[in-house]
Structure formats: C-alpha cells, structure tokens
Amino acid sequence: WVSGGFILAAFAALYMYVWTPVHAGVLFQNGLRHFYDDPTPYFQKAAQIDPLDPDPWVYNAKWSRGFYEMSGSKELKLLTEAAGYLEQARQRDPFNFIYSDSLSDIYVFLSETQKENVNQYLQSAYRAQLDAQILNPGSDRIAYNLGILCEKLNQPEKAVEHFQKAVDIEDQ
C-alpha cells in the first residue's frame, strides 16, 4: 500500500508541477505566435490549465487594448475585456503593482471614450492607482497619476497632497 501511495503521489506531483505548466506554456506560445490574429482562445486555455500564472490574462489585456487602438473599430467591448483580464491577473498575482497601474490606465481610457460613465471609470482608476501605490509606495509617477485623477474627479485638495507626495519622493 505504501509504495502504491508513493507512486500515485509522484505522478500527481509530476502532473501538477511539470505537465501542467509545460502544457499551459505551449498554449501561451501559440497565442504569442497568433498575436496579430486573435490569440485570446490560446491565452484563455492556458489560463484555465495553469491557474497560478497571470501572464495569459496580462497578454489578453495587451492584445485587447492594442487591437482597440490599432484597428480603428473603437469597439468599447475590447477595453472592458482588457479591464476584466487585468482584474484576473491581479487576482492571480496581487503583489504586482504593474497590473493595478495598467488597469488604472484602461479605466482612464474608458472614461475618455464613454462620457456617460466618466465618474465611475475615474473612481475605478483612482482605486486601482491607490492599490498600485500601496504595493509601490516609492513611485513618484504613481503619486503624480493619483494627483491627475483627483483633478479629474474635482478634488483639488487631494490632488495637491498627491502632487506634493510625488515631489517629496522625487527629492529623496
């Protein structure tokens, strides 16, 4: 019984720690090869297979935003998809401030294109930027971006605080 359990545990470990990442990596590479077509199915399948890796979601977001900007179609669905993909990446790697920063950029982009939901998107951008600042408190750029967002949200006192923090960080 003991040796059978050991063999089963070895196969389970081999599957989980070798086969799963390799299989997900192959799908991810196929997505990169099809980046100028539509890599979304490859990245989504890779994300399903390897639930710990945020990269498929990050690249889905990059593709959706890039396709939105380059295609001229201006389908807002692509931007909202990009925001959703970055939320997935943040769930998988909550300590990477770049995902929060990128998510904030997408929300700002959405606020500029969807005038009826400007405040909602700016608030979401502000929250994402605050998350980025918590993870990377020494970034003057993040503090500056928070100031810009406060200006857009008509909160001049908060904006001045964030701009001052950006200057203080820069002076260090």
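First, a word on scope: everything that follows refers to the structure included in this document. (Residues numbered from 1 in each chain as written. Predicted model: local features only at pLDDT ≥ 70, side-chain atom pairs only at ≥ 80, totals over all residues. Heavy atoms only, no water.)

## Structural notes on the overall build of the protein chain
Of regular secondary structure, the protein chain possesses eight helices and zero strands. Listing the helices and strands of the protein chain from first to last along the sequence gives α-α-α-α-α-α-α-α. Looking at the 172 residues of the protein chain, the share that counts as buried comes to 37%. Summarising the internal contacts of the protein chain: among those between residues at least 6 apart in sequence, 53% fall at separations of at least 24. Surface exposure of the protein chain reaches about 10,300 Å², of which carbon and sulfur atoms provide 59%. (Helix = DSSP H or I, 4+ residues; strand = E, 2+ residues; numbered from the N terminus. Buried < 20%, exposed > 50% of the residue type's maximum accessible area, 1.4 Å probe, protein only. Contact = heavy atoms within 4.5 Å. Areas by Shrake-Rupley, 256 points an atom, 1.4 Å probe, with all protein chains shown as cover.)

## Notes on the nonpolar core
One finds L103, I106, Y107, L110, Y126 and L149 to be the most contacted residues of the largest nonpolar core, which totals 32 residues. Elements that contribute at least two residues to this core include exactly α3 (55-71), α4 (76-92), α5 (97-113), α6 (118-135) and α7 (140-152). Excluding its chain neighbours within four sequence positions, the residues that come into contact with L110 are L76, L79, T80 and Y121. (Core = buried A, V, L, I, M, F, W, Y, C linked by side-chain atoms within 4.5 Å.)

## Regarding the packing of α6 against α7
Here α6 crosses α7 at 160 degrees, and the two axes come no closer than 10 Å. Here α7 runs roughly antiparallel to α6, going by the angle between their axes. Both α6 and α7 take part in a crossing whose hand is left-handed. The segment α6 lies against α7, with L122, A125, Y126, Q129, L130, A132 and Q133 engaging I142, A143, N145, L146, L149, C150 and K152. A breakdown of the residues in the contact of α6 with α7 according to their chemical character gives 10 nonpolar, three polar and one charged. (Axes fitted to C-alpha atoms, helices over the stretch in contact; angles between N-to-C directions. Parallel < 35°, antiparallel > 145°, perpendicular 65-115°, else oblique. Left-handed = near helix turned anticlockwise from the far one by under 90°. Nonpolar A, V, L, I, M, F, W, Y, C, P; charged D, E, K, R; others polar.)

## Description of the packing of aromatic side chains
What the rule picks out here adds up to six aromatic pairs. Taking the centre distance of 5.5 Å and the plane angle of 85 degrees together, the rings of Y68 and F109 count as edge-to-face. Remark: F109 occurs in helix α5 and Y68 occurs in helix α3; sequence separation between them is 41 residues. Here Y68 and F109 have matching classes, each one buried. Ring geometry for Y144 and F163: centres 5.4 Å apart, planes at 50 degrees, overall tilted. Taken as a pair, Y144 in helix α7 and F163 in helix α8 (residues 156-171) lie far apart in primary sequence, 19 residues in all. A relative accessible area of 43% places Y144 in the partly exposed class. Seen from the ring of Y59, K62 lies directly overhead, with NZ or CZ sitting 4.7 Å from the centre. (Phe/Tyr/Trp six-rings, centres within 6.5 Å; stacked < 30°, edge-to-face > 60°. Lys NZ or Arg CZ within 6 Å of the ring centre and 35° of its normal.)

## Digging into α7
When the terminal C-alpha atoms of α7 are compared, their 19 Å separation across 13 residues agrees well with the 18 Å that a helix rising 1.5 Å per residue should span. Along α7, the positions that sit buried rather than exposed are I142, A143, N145, L146, G147, L149 and C150. Residues of α7 that are buried in the fold lie against α5, α6 and α8. Where α7 begins, the capping side chain belongs to S139, and its oxygen is found 3.5 Å from the backbone nitrogen of R141. Trailing α7 by a residue or two, N154 shows a phi angle of about 60 degrees, which is positive. (Expected span 1.5 Å × (residues − 1). Polar contact = N/O pair within 3.5 Å; in protein donor to acceptor, adjacent residues only side chain to side chain.)

## Looking at the environment of S124
By the element assignment, S124 lies in helix α6. According to the relative accessible area criterion, S124 is buried, its value standing at 13%. Each C-alpha atom, one on S124 and one on L103, is 8.8 Å from the other, the two residues being 21 residues apart in sequence.

## Focus: α8
The first and last C-alpha atoms of α8 sit 22 Å apart over 16 residues, in line with the 22 Å expected at 1.5 Å per residue. For α8, the full list of buried residues reads A159, H162, A166 and I169. What you see down the axis of α8 is that its buried residues fit within an arc of 90 degrees, all on one side. The exposed residues of α8 that point more than 90 degrees off its buried face are E157, V160, E161 and D171. Summarising the contacts, the buried residues of α8 are in contact with α6 and α7. (Arc of directions from axis to C-beta.)

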